[in-house]
Amino acid sequence: MTTLREDAELVLGDDDAVRRAARELGEGRAVVHGFANFYALTARTDREAVARVNRLKGRPDGRPGSVTTVPDGIPGLFDWTRLPAELPRRQVRSLLEELYELGPFGFRGPAADRIPGHLSAELDGVRTVRVVAPGRHCPSNAFLAAAQERTGTGFLFVTSANRSGEPPHWRGEGAVRDFGREPGVRVLAHADDGAARLRHPYHAPVATSVVSFHRAAGYGRAGLPALTLERVGSLSAEHIRSVAANHGFALVPAAGAIGAPPQARTYVPSAASAPPAER
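Computed from a predicted model, the values in this text were never measured in an experiment. (Residues numbered from 1 in each chain as written. Predicted model: local features only at pLDDT ≥ 70, side-chain atom pairs only at ≥ 80, totals over all residues. Heavy atoms only, no water.)

A. Highlighting the pattern of salt bridges. Under the defined criterion, the tally for this structure stands at 14 salt bridges. Asp16 is the partner of Arg19 in a salt bridge, and the nearest nitrogen-oxygen pair spans 2.4 Å. With Arg19 and Asp16 both in helix 1 (residues 15–26) and three residues apart, the pair spans about one turn of that helix. Judged by its relative accessible area of 46%, Arg19 is partly exposed. Where Arg136 meets Asp72, a salt bridge forms, and the shortest distance between an N and an O atom there is 3.3 Å. Here Arg136, found in the loop between strand 7 (126–133) and helix 4 (140–151), pairs with Asp72, found in the loop between strand 4 (66–68) and helix 3 (89–102); they are 64 residues apart in sequence, far enough to count as distant. Each of Arg20, Glu24, Arg29 and Arg186 takes part in salt bridges that share partners, so that together they form one network. (Salt bridge = Lys/Arg side-chain N within 4 Å of Asp/Glu carboxyl O. Helix = DSSP H or I, 4+ residues; strand = E, 2+ residues; numbered from the N terminus. Buried < 20%, exposed > 50% of the residue type's maximum accessible area, 1.4 Å probe, protein only.)

B. Representation of the environment of Val53 within the structure. Here Val53 lies in helix 2 (residues 47–57). C-alpha separation for the pair Val53 and Phe157, spaced 104 residues apart in sequence, amounts to 9.4 Å. Apart from residues lying up to four places away in sequence, Val53 is in contact with Ala30, Leu41, Ala43, Phe157 and Thr159. (Contact = heavy atoms within 4.5 Å.)

C. Highlighting the side chain of Arg171. Assignment of secondary structure puts Arg171 in the loop between strand 8 (156–160) and helix 5 (172–179). Within the local environment of Arg171, its side chain forms a polar contact with the side chain of Glu173, the two groups lying 2.5 Å apart. (Polar contact = N/O pair within 3.5 Å; in protein donor to acceptor, adjacent residues only side chain to side chain.)

D. Just helix 3, in detail. Counted at 1.5 Å a residue, the expected span for helix 3 with its 14 residues is 20 Å, and the 20 Å between its end C-alpha atoms agrees. Of the residues making up helix 3, those classed as buried are Val92, Leu95, Leu96, Leu99 and Tyr100. Down the axis of helix 3, the smallest arc covering the buried residues is 125°, so these residues share one side. Elements in contact with the buried residues of helix 3: strand 5 (105–110), strand 7, strand 11 (226–231) and helix 7 (237–246). Phi turns positive one or two residues past the end of helix 3, at Gly103, with a value near 155°. (Expected span 1.5 Å × (residues − 1). Arc of directions from axis to C-beta.)

E. Quick look at the pairing of strand 7. Burial runs high along strand 7: seven of the eight residues are buried. The antiparallel pairing of strand 6 (residues 121–123) with strand 7 creates a hairpin that spans two residues between the two strands, and Asp124 there sits at a positive phi of about 55°. (Pairing = 2+ DSSP bridges.)

F. Local environment of the environment of Leu102. The topology assignment puts Leu102 in helix 3. Leu102 sits in the partly exposed class, given a relative accessible area of 22%. Beyond its immediate stretch of four places on either side in the chain, Leu102 contacts His200, Tyr202, His203, Leu235, His239 and Val243.

If you want it as structure tokens, here you go:
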């Protein structure tokens, strides 16, 4: 396992390091940081900052981004009045809470009015936002809180720490090697990558799974109203389906969510083997 590292300038869990990274994000830097069991790239939510990160990753400027926030801020990013009648608000929120208690996850739902247009997407006649968060037990929540206090927005732009077409990094030295010399980028690494993965035993070190609830996707075999599995990621479809059923929902995969699960990044030479991408 990797312990406190010399190859990263700043480390999660160090209060001074967290405050410094948050200050620099507020001043316009992007921050690559530990995000549950992998690494994410977080920045301010203004259009220029989002476009700059997209270019850094090799994405087109106009691509809609995801947002992140601290656990208690997640419900406020959605417009709960626009939920379909088939999807009771209380049950959707309890599902969110359980999945974020387990670890990193993504949800797409009706966007609150304060979400800007470049961080939302029109789907099925609904303006939606995709919220991706590291879960309640990740030390990066302290950084997110400090960064939000600096920006005053209550949420931040987030994407996985990788170049377009590549899996996200799950080792700090890889993130440093890939992004550490980029101008305007700060790396805030996990103190121990192995410990970060052990905190999330059900999740593979890949981008988060995403469930959407902006519309009902029909009904499952038992007559339960269905949510859409928009993306298969770190938590398996079987695990999500089981949790969803406990809250009164079936799960229907989107066309793009059918097929083999994503594979974790491999490092060559590697001092440690990548965990399997499916549990």
